[in-house]
Number of protein chains: 2
Amino acid sequence: MKIETVLSPALFPFLPGGTEGKQVVVIDILRATTTMCVALDRGCEEMVAVAKVEEALEYRPEGYLLAGEREGHKVEGFDFGNSPQEYDAEKVAGKKIVITTTNGTQALSMSRGAEKVWVSSFYNLRATVDAILAIGLPVVMFCSGWKNRFNLEDTLFAGALVEMLAQGGFEIEDDASRAALYLWHEAKSDLTGFLENANHVQRFKSMHTESDLEVCLRMDIGNRAILADYGDEQVGCVLKAWGA
Amino acid sequence: MKIETVLSPALFPFLPGGTEGKQVVVIDILRATTTMCVALDRGCEEMVAVAKVEEALEYRPEGYLLAGEREGHKVEGFDFGNSPQEYDAEKVAGKKIVITTTNGTQALSMSRGAEKVWVSSFYNLRATVDAILAIGLPVVMFCSGWKNRFNLEDTLFAGALVEMLAQGGFEIEDDASRAALYLWHEAKSDLTGFLENANHVQRFKSMHTESDLEVCLRMDIGNRAILADYGDEQVGCVLKAWGA
């Protein structure tokens, strides 16, 4: 089984053979996919991811809470922003939430058509690896980046997945996966230190959400893989724990 | 002065602020920019780079020799392919050559509009760094990649430039430059070994042009930086040694 990596949504159209018959792992470490994994782990009953703010608004009459950010800021009038720390169990347990973010939900939207689409983060790394190995189809790491630009944190997480999947017998297929793996090897003993100068981390600091960084880099807190189900929905997808 | 890196032509449109007022270094290690540096160093009087085969053909009546490849193979009826080893002094000295390649000349074509555009390779690494430092404008490493896909060899060369320019006082601006630098640190003590599994190198081996790899990774053989001059040309650009 082959491993490929897409380092930015702008590179997605150039993936050889597209995503047909493959598993895709959507990665937006700071912070969309981390937040999704956390919210579902804390009892959120249903989470819908959509690409646009207007699409999210359509869910309000149906009783959904609204979540999301643009440019790193909570959308005005929404119930939640995009910080995993906002999603306490008492706020999300039993609730239905619709979420839209600058980068992560766009990547999710582009992944429609793959055989399986996972949403992953350091929060549920091991669980995601186990699910991918169980499904046993070729896999694509899809880094959401920042506005189509390459970023380090998503690439490092892709490298962590590449390492564990290669140990599980998957084969590295492209240079992007190789680069991600090398960077992960370099970074993993001190992830926070390695990321200290990364663009997004600097942006974080300037926006006073620095404590999110620590939360987003914590590993294997949750033990469930998160699957995106596109069903017959015309907009968005429903996120749920695999096997739940 | 800032350093930015574009890891694939598909990412070029997302470079913040574009290339206005910046220097761009076009990189296609295997093999276009290496071949260009070699041909000019061996006495080629004038080298014109164009994006399309049809554009190259228009130069024949003016006495130009034709050079180039598509999919790694010499274009049928052309005088030269894209192997630097074809460009012996006796074949190129005093000659005018027009060249078109799958990836490198496309990146050159996209770079029109920058303040200065350099064509570089390991062959003239140090000379390129000296030229960039002398001009003293912000710089963009532009990796040509392979059909819009990320590749390791161009990224490693970008990392080598980033390292030397940072030592010369330039500041690393983006995560792509950081990643390139980390990968270069990892690779530089055994570049050939590091690249052994890279996609393009495997492609090379399958096409029996493996000896090109060694030539393309030799460092600082030439001592002249190569500038692309777009002039008022509607098509292509003229490559020449800087200061010549």
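Preceding block: the structure.
An account of the accompanying structure is given in this report. Since we're looking at a predicted model, the values are computed, not measured.

Reading the values: rules and limits
Residues numbered from 1 in each chain as written. Chains lettered and ligands numbered in written order. Predicted model: local features only at pLDDT ≥ 70, side-chain atom pairs only at ≥ 80, totals over all residues. Heavy atoms only, no water. Helix = DSSP H or I, 4+ residues; strand = E, 2+ residues; numbered from the N terminus. Rg over C-alpha atoms; globule rule 2.2 N^0.38 Å. Buried < 20%, exposed > 50% of the residue type's maximum accessible area, 1.4 Å probe, protein only. Contact = heavy atoms within 4.5 Å. Axes fitted to C-alpha atoms, helices over the stretch in contact; angles between N-to-C directions. Parallel < 35°, antiparallel > 145°, perpendicular 65-115°, else oblique. Nonpolar A, V, L, I, M, F, W, Y, C, P; charged D, E, K, R; others polar. Least-squares fit on C-alpha atoms with pLDDT ≥ 70 in both. Disulfide = S-S within 2.5 Å. Buried area = accessible area lost by both parts, 1.4 Å probe. Salt bridge = Lys/Arg side-chain N within 4 Å of Asp/Glu carboxyl O. Polar contact = N/O pair within 3.5 Å; in protein donor to acceptor, adjacent residues only side chain to side chain. Pairing = 2+ DSSP bridges. Phe/Tyr/Trp six-rings, centres within 6.5 Å; stacked < 30°, edge-to-face > 60°.

A tally of helices and strands in chain A yields 10 helices and 11 strands. Taken against the 2.2 N^0.38 rule, which gives 18 Å for 244 residues, the C-alpha radius of gyration of chain A at 16 Å falls within 12% of a compact globule. With the C-alpha coordinates aligned to their principal axes, the bounding extent of chain A is approximately 45 × 40 × 30 Å. When the 244 residues of chain A are sorted by exposure, 59% land in the buried category. Taking the contacts inside chain A whose residues are at least 6 apart along the sequence as the reference set, 75% of them involve residues at least 24 apart.

Right, let's get into the packing of helix α9 (residues 199–206) of chain B against helix α10 (residues 210–217) of chain B. Residue and element names in this part refer to chain B. Relative to each other, α9 and α10 sit at 135 degrees, their axes nearing to 7 Å. Regarding the angle of α9 to α10, the classification is oblique. Each of V201, F204 and K205 in α9 lies in contact with α10, whose residues at this interface are E210, D212 and L213. A per-class count over the contact of α9 with α10 returns three nonpolar, no polar and three charged.

So, about the relation of the copies chain B and chain A. Expressed as a screw operation, the relation of chain B to chain A combines 0.0 Å of axial shift with a rotation of 180 degrees, fitting to an RMSD of 0.0 Å. Here the two chains are linked by the operation of a two-fold rotation axis. Of the C-alpha atoms belonging to chain B, the one lying closest to the rotation axis is found on A10 of chain B, 3.0 Å away. Take the interface residues of chain B: 100% of them recur as interface residues in chain A, which is what a same-surface contact looks like.

Now for the state of the cysteines. Under the defined criterion, the tally for this structure stands at zero disulfides over all chains. Free cysteine: C44 of chain A, not disulfide-bonded; nearest cysteine sulfur from C37 of chain A at 12 Å. In this structure C143 of chain B is a free cysteine whose sulfur lies 15 Å from that of C37 of chain B, the closest cysteine sulfur available.

Across residues other than glycine, the phi torsion is negative in most instances, and most of the peptide bonds are trans. Residue R31 of chain A is bonded to the preceding L30 of chain A through a cis peptide linkage, with omega at 10 degrees. Mapped onto the elements, R31 of chain A comes out in the loop between β2 (23–27) and α1 (32–41). For D220 of chain A, which is not a glycine, the phi torsion comes out positive at approximately 55 degrees. Classification of D220 of chain A by relative accessible area gives partly exposed; the value is 36%. With a phi angle near 70 degrees, N148 of chain B is a residue other than glycine that sits in the positive phi range. Within the secondary structure, N148 of chain B is located in the loop between β8 (139–143) and α6 (152–167).

Moving on, we come to the interface of chain B and chain A. One widely used convention gives an interface's size as the accessible area the parts lose upon coming together. Listed per partner, the contact involves 27 residues of chain B and 27 residues of chain A. Here chain B meets chain A over a buried area of about 2,300 Å², counting both sides, of which 63% is carbon and sulfur. Linking chain B with chain A are zero salt bridges. On inspection of chain B and its partner chain A, the count reaches 10 residue pairs in polar contact (both at pLDDT 80 or more). The greatest single-element share of the side of chain B that touches chain A, amounting to seven residues, is contributed by helix α7 (residues 175–187) of chain B. Its residues placed into classes, the side of chain B that touches chain A shows 13 nonpolar, six polar and eight charged.

Residues and elements named next belong to chain B. Strand order in this open sheet of 11 strands is β5-β4-β6-β3-β11-β10-β7-β2-β8-β1-β9, and the pairing throughout is mixed. This sheet does not close on itself; its edge strands, each paired only once, are β5 (73–74) and β9 (171–172). Sitting on the sheet, helix α4 (residues 104–111) touches β2 (23–27), β3 (46–49), β4 (65–70), β6 (96–100), β7 (116–120), β8, β10 (226–229) and β11 (237–241), and the angle it makes with β2 is about 170 degrees. The strands that α7 touches are β1 (2–6) and β9; relative to β1, the one it contacts most, it runs at about 80 degrees.

Following the criterion strictly, the structure yields 14 aromatic pairs over all chains and no others. Between the aromatic rings of F12 of chain A and F142 of chain A, the centroid separation amounts to 4.6 Å while the plane-to-plane angle is 10 degrees, which identifies the pairing as stacked. With a gap of 130 residues between them, F12 of chain A in the loop between β1 (2–6) and β2 and F142 of chain A in strand β8 (residues 139–143) connect regions that are remote in the sequence. Between W118 of chain B and W242 of chain B, the ring centres sit 5.5 Å apart and the planes meet at 90 degrees, which makes this aromatic pair edge-to-face. Remark: W242 of chain B occurs in the segment after β11 and W118 of chain B occurs in strand β7; sequence separation between them is 124 residues. By relative accessible area, which is 0% here, W118 of chain B ends up buried. Taken together, the aromatic side chains of F122, F157 and W184 of chain A make up a single cluster linked through ring pairs.

With that settled, the discussion passes to helix α5 (residues 125–135) of chain B. Residues and elements named next belong to chain B. The set of residues buried in α5 consists of L125, A127, T128, V129, A131 and I132. Contacts from the buried residues of α5 go to β2, β7, β8 and α6. In the segment just after α5, G136 is the residue with positive phi, at about 70 degrees.

Turning our eyes to something else, we now look at the pairing of β11 of chain B. Residues and elements named next belong to chain B. Within β11, four of the five residues are buried, which leaves the element mostly enclosed by the surrounding structure. Two strands pair when backbone bridges link them, and β3 and β11 are joined in this way by three bridges, in the antiparallel orientation. Note that in β11 the partner of A49 across the bridge is C237. Examined bridge by bridge, β10 and β11 share four bridges and lie antiparallel to one another. Bridging across to β11, I226 finds its partner in A241.

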